[in-house]
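# Chain and residue survey
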Amino acid sequence: MSIRVRFAPSPTGYLHVGGARTALFNWLLAKKTGGTFVLRIEDTDRERSSDAHTKVILDGLTWLGLDWNEGPFFQGAYGDRHRADAERLLANGNAYRCFCSAEELEAQRKALPKGAAFKYDGRCGRLSAEESTRRIAAGSPSVIRFRVPTGEIAWDDAVHGRISFQGHDLDDFIILRSDGSAIYNMAVVSDDIAMQITHVIRGDDHVSNTPKQIALYRALGAGEPVFAHVPMILGADGKKLSKRHGATAVGDYQDMGILPVAMRNFLALLGWSPGDDLEILSEEEMVRRFSLEGIQSKPAVFDTAKLEWMNGQYLSALSASELREPVRRQLDRTGATVAPARLDSLIDAVKARSRTVIQLADQVAVRAEASRITEDDRATALRQKMGDSFNTSLRLAHAALAGIPEGEWTADRLVETLKTTATEKGVKLGDLMQPVRVALTGSTVSEPVNELLVAVGREESLKRLS
């Protein structure tokens, strides 16, 4: 049978980092095996679900390049099937109607010893068929509970190995509410069976749901999928990733100037090892090397500094034409004006020294518009340290460079001229170059000064020097 996987987010919030990684692992397995990647939106929480969140999830997956083969399907559309499956369990004795009110259940909780976990005592499961029928006829509201078998419920998890629960430790859980809507575990199993899902890859916070779902599969006479529970993602402080660690929604990283290809590469390595200590992987290499066996069982750490480093590697490696669209988008966001004819050359000039698209676009803008220059602390410190010699260096550089005609304004001619000037005037080359760099960019860090002069252009460079 062909492998079929699914990503099933709830549209009650944004696509967070953990969800995006789960989607990526499913996508990689489908790509690796020639299988099918199904997208299902689990929108049965009607109060908290929204179209806006659904759109954000779809946009996030699209930005990451995780194209799905089927869907998006919406779980809320399959209520009739969920009810039919629940009633089939009722008919074959694997479930029963429960008439206990909220007050009765609360009384059961209060009767427990202090600190004891609540477990429904199954009293309605012992009602006779006649009594159950009588209460229904009398209009007593009821839910349907699944009758959990008492034996061992175990599976061989593709990540954690054998995991085992005892049925008698689980209570008879509700599968259908009194209004006829399915509870999460019932809806998920019903959908996964109908969609012929063969592998369920999800976060290990779902491990506690799995024995209940396996019991439902067996009671419905369906084969169980392969389960792979991936480790949680921690912040640098070792605690579960949350808003206190900064951005956790995938869309936030797009706004921070991270490239989708870098984000995808980074997410893949959160809990999965391709072997050979590889860190930068093409999509083809990632797909070729991916396996469930390579997923580690220990939690992964989200290191923002490493993400930005990886993003910088991609910025350096990609061509200006590949970076043009994200850079242009950022320039438009800040209102910077760069002539289209100059954009690619400016991108090439600064991409190796950028870690985010925002940094790249800012450097492009500075080279295109003098009004974008903001002197940084190191540049200010340099001016103060050099004193009058700072302006002397600028005058020397201006005088020497002004004699180079437009047609000879090349990197080789410029560096030759500056070196000759430094020698003839008895000035250290660095003391001549650094003031030029500050005058042109407001910073002490840039590409080589001769390349910077070419990027800014003759007329604008001389204007900034003067």
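### A look at the sheet that holds strand 8 (residues 174–176)
Hydrogen bonding along the main chain pairs the strands of a sheet, whether they run parallel or antiparallel. Read from one edge of the open sheet, three strands run 4-5-8, paired in antiparallel fashion. Looking at the sheet topology across the chains shown, the edges are occupied by strand 4 (95–98) and strand 8. The sheet shows a mean angle of 45° between the axes of neighbouring strands, taken without regard to direction. Both strand 5 (residues 143–146) and strand 8 contribute to a ladder of two bridges, which runs antiparallel. Each bridged residue has a counterpart across the sheet, and for Arg-145 the counterpart in strand 8 is Ile-174.

### A closer look at the nonpolar core
With 71 residues, the main nonpolar core has Val-17, Met-263, Phe-302, Val-327, Leu-331 and Val-364 as its most contacted residues. Residue contributions to this core peak at nine residues, all from helix 1 (residues 17–33). Excluding residues that lie within four positions of it along the chain, Phe-302 makes contacts with Val-17, Ile-233, Leu-234, Gly-235, Ala-236, Leu-241, Tyr-253, Met-263, Phe-266, Leu-270 and Leu-307.

### Remarks on the pattern of salt bridges
One pass over the structure, following the stated rule, counts 29 salt bridges. The partner of Lys-55 in a salt bridge is Asp-59, and the shortest N-O contact between them spans 2.7 Å. Residue Lys-55 and its partner Asp-59 are both found in helix 2 (residues 51–64); the two are separated by four residues, about one turn of the helix. Taking the relative accessible area as the measure of exposure, Lys-55 reaches 52% and is therefore exposed.

### Comments concerning unusual backbone geometry
With an omega of 5°, the peptide bond running from Gly-71 to Pro-72 counts as cis. Assignment of secondary structure puts Pro-72 in strand 3 (residues 70–74). One non-glycine residue, Asp-277, lies in the positive phi region at around 55°.

### What to know about the packing of helix 15 (residues 377–386) against helix 16 (residues 388–402)
Where helix 15 contacts helix 16, the two axes come as close as 5 Å, and the packing angle between them is 100°. Taken together, the axes of helix 15 and helix 16 are roughly perpendicular relative to one another. Every residue of helix 16 that contacts helix 15 at Leu-382, Arg-383 and Met-386 is listed here: Asp-388, Ser-389, Phe-390 and Ser-393. For the contact of helix 15 with helix 16, the class distribution of residues is three nonpolar, two polar and two charged.

### Some remarks on the side chain of Thr-36
Structurally, the position occupied by Thr-36 is in strand 2 (residues 36–41). Relative accessible area serves as the criterion here: at 15%, Thr-36 is assigned to the buried category. For Thr-36, the contacting residues outside a window of four places in its chain are Ile-3, Arg-4, Val-5, Ala-30, Asn-69 and Glu-70.

### Side note on the packing of aromatic side chains
Within a pair of aromatic rings, the relevant descriptors are the distance that separates the centres and the angle that separates the planes. If you walk through the whole model with that rule in mind, you get seven aromatic pairs. Taken together, a centroid distance of 5.0 Å and an interplanar angle of 80° make the contact between Phe-266 and Phe-302 edge-to-face. In this pair, Phe-266 is assigned in helix 9 (residues 260–268) and Phe-302 in the loop between strand 12 (300–301) and helix 11 (304–317), connecting sequence segments 36 residues apart. Overall, the relative accessible area of 4% leaves Phe-266 in the buried class. We classify Phe-302 as buried; its relative accessible area is 4%. Seen from their ring centres, Trp-272 and Phe-290 are 5.4 Å apart, and the 50° between their planes marks the pair as tilted. You can see Trp-272 sitting in the loop between helix 9 and helix 10 (283–289) and its partner Phe-290 sitting in the loop between helix 10 and strand 12, a full 18 residues away along the chain. Phe-290 gets classed as buried once you look at its relative accessible area, which sits at 1%. In textbook terms, an aromatic cluster arises when at least three aromatic residues are bridged by ring pairs, as seen for Phe-25, Trp-272 and Phe-290.

Procedures and definitions
- Residues numbered from 1 in each chain as written.
- Predicted model: local features only at pLDDT ≥ 70, side-chain atom pairs only at ≥ 80, totals over all residues.
- Heavy atoms only, no water.
- Pairing = 2+ DSSP bridges.
- Helix = DSSP H or I, 4+ residues; strand = E, 2+ residues; numbered from the N terminus.
- Axes fitted to C-alpha atoms, helices over the stretch in contact; angles between N-to-C directions.
- Core = buried A, V, L, I, M, F, W, Y, C linked by side-chain atoms within 4.5 Å.
- Buried < 20%, exposed > 50% of the residue type's maximum accessible area, 1.4 Å probe, protein only.
- Contact = heavy atoms within 4.5 Å.
- Salt bridge = Lys/Arg side-chain N within 4 Å of Asp/Glu carboxyl O.
- Parallel < 35°, antiparallel > 145°, perpendicular 65-115°, else oblique.
- Nonpolar A, V, L, I, M, F, W, Y, C, P; charged D, E, K, R; others polar.
- Phe/Tyr/Trp six-rings, centres within 6.5 Å; stacked < 30°, edge-to-face > 60°.

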